[in-house]
Amino acid sequence: MAKKVRVAAPFCHRACSQARGERLAVLSDTDILKRLRSGSLGVDPFVEANLTPNGYDLTLGQIQVAGRRLVEKGTVKLKPGGWFAVATRERVRFPDDLTGELWLRSSHIRKGLITAFGRVDAGFEGNLTLTGFNAGKGTVQLSVGDRYCQLVFVELSSRAARPYAKRSGNYQGQSGITLDAFEAKLKGAAAPRRPKRR
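Residues numbered from 1 in each chain as written. Predicted model: local features only at pLDDT ≥ 70, side-chain atom pairs only at ≥ 80, totals over all residues. Heavy atoms only, no water.

Colleague: How should I be thinking about the nonpolar core in this particular structure?
Modeller: What tends to happen in soluble globular proteins is that the nonpolar side chains get buried as a cluster. Leu142, Tyr148 and Phe153 are the most contacted members of the largest nonpolar core, which totals 34 residues. By residue number, the principal contributor to this core is strand S3 (residues 55–65), which donates 5 residues. For Tyr148, the residues in contact, after removing those within four places along its chain, are Leu58, Thr59, Leu60, Phe84, Val86, Leu104, Arg105, His108, Leu113, Thr115, Leu130 and Leu142. (Core = buried A, V, L, I, M, F, W, Y, C linked by side-chain atoms within 4.5 Å. Buried < 20%, exposed > 50% of the residue type's maximum accessible area, 1.4 Å probe, protein only. Helix = DSSP H or I, 4+ residues; strand = E, 2+ residues; numbered from the N terminus. Contact = heavy atoms within 4.5 Å.)

Colleague: When you look at unusual backbone geometry in this model, what are you seeing that I'm missing?
Modeller: With glycine set apart, most residues show a phi of negative sign, and most peptide bonds adopt trans. In this model, Asp44 is joined to Pro45 through a cis peptide bond whose omega is 0°. Following the sequence through the fold, Pro45 ends up in the loop between strand S1 (42–44) and strand S2 (51–52).

Colleague: Before we go on, may I ask you to explain the packing of aromatic side chains in this structure?
Modeller: The relation between two aromatic rings is expressed through the spacing of the ring centres and the mutual angle of the planes. A full pass over the atoms with the stated rule returns 4 aromatic pairs. Judged by centre distance (5.3 Å) and plane angle (35°), the rings of Trp83 and Phe133 are tilted. Here the residue Trp83 occupies a position in strand S5 (residues 83–88), and Phe133 occupies one in strand S10 (residues 129–134), the gap between them amounting to 50 residues. Overall, Phe133 belongs to the partly exposed group, its relative accessible area being 26%. (Phe/Tyr/Trp six-rings, centres within 6.5 Å; stacked < 30°, edge-to-face > 60°.)

Colleague: Got a minute to help me understand the sheet that holds S1 in this structure?
Modeller: Read from one edge of the open sheet, 3 strands run S1-S6-S9, paired in antiparallel fashion. Both edges of this open sheet fall to S1 and strand S9 (125–126), since each of them pairs with a single strand only. In terms of strand pairing, S1 meets strand S6 (residues 91–93) through 3 bridges, oriented antiparallel. Paired with Val43 across the two strands is Val92, which belongs to S6. (Pairing = 2+ DSSP bridges.)

Colleague: When you look at the pattern of salt bridges in this model, what are you seeing that I'm missing?
Modeller: Should their charged atoms come close, side chains of opposite charge can pair. On inspection of all chains with the given rule, the structure shows 6 salt bridges. Between Glu155 and Arg35 there is a salt bridge, and its shortest N-O distance comes to 3.2 Å. You can see Glu155 sitting in strand S12 (residues 147–155) and its partner Arg35 sitting in helix H2 (residues 29–38), a full 120 residues away along the chain. An identical accessibility class is assigned to Glu155 and Arg35; each is buried. When salt bridges with common partners are traced through the structure, they connect Arg35, Asp97 and Glu155 into a single cluster. (Salt bridge = Lys/Arg side-chain N within 4 Å of Asp/Glu carboxyl O.)

Okay, structure coming up:
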């Protein structure tokens, strides 16, 4: 008699969630606008021209290259291998049932820029700080006001029981470039410090 072999079910994500009656979806431009108008989601300042079919392009509010002063107006030059930090011009406010995914714009990727991204937690509010370096062979220019990365909004399967502010909340309400471990790399630069927890 042939031995029965149990085959694991293939990995499923959205389909399985829908079968269980859970919500899990990327917001379209229509849904993003609905959320903004209802006040459940915040992007300030909001420019409709930066809206994409399934996200929003965040722009640069501050740029800081290792060893240099903070730039809030104008253009900086990133030499090959140079580290930098940026803050979004936009201040975002997430409800308890949305998380965010960040994706570097392809125009910057093609020039050799690499940026470390993570999820924006449900309940987070503030500017976003991102760090990266120029992995290309040529100098890359970044200007304050440039569209830098796309923020994609994803609905959670249910509301977070304890959103970001009630978990660690270390960077809740941050304004401008807020550094921690990267302060050593930016030695000599006048970087804003992390705000105290409320």
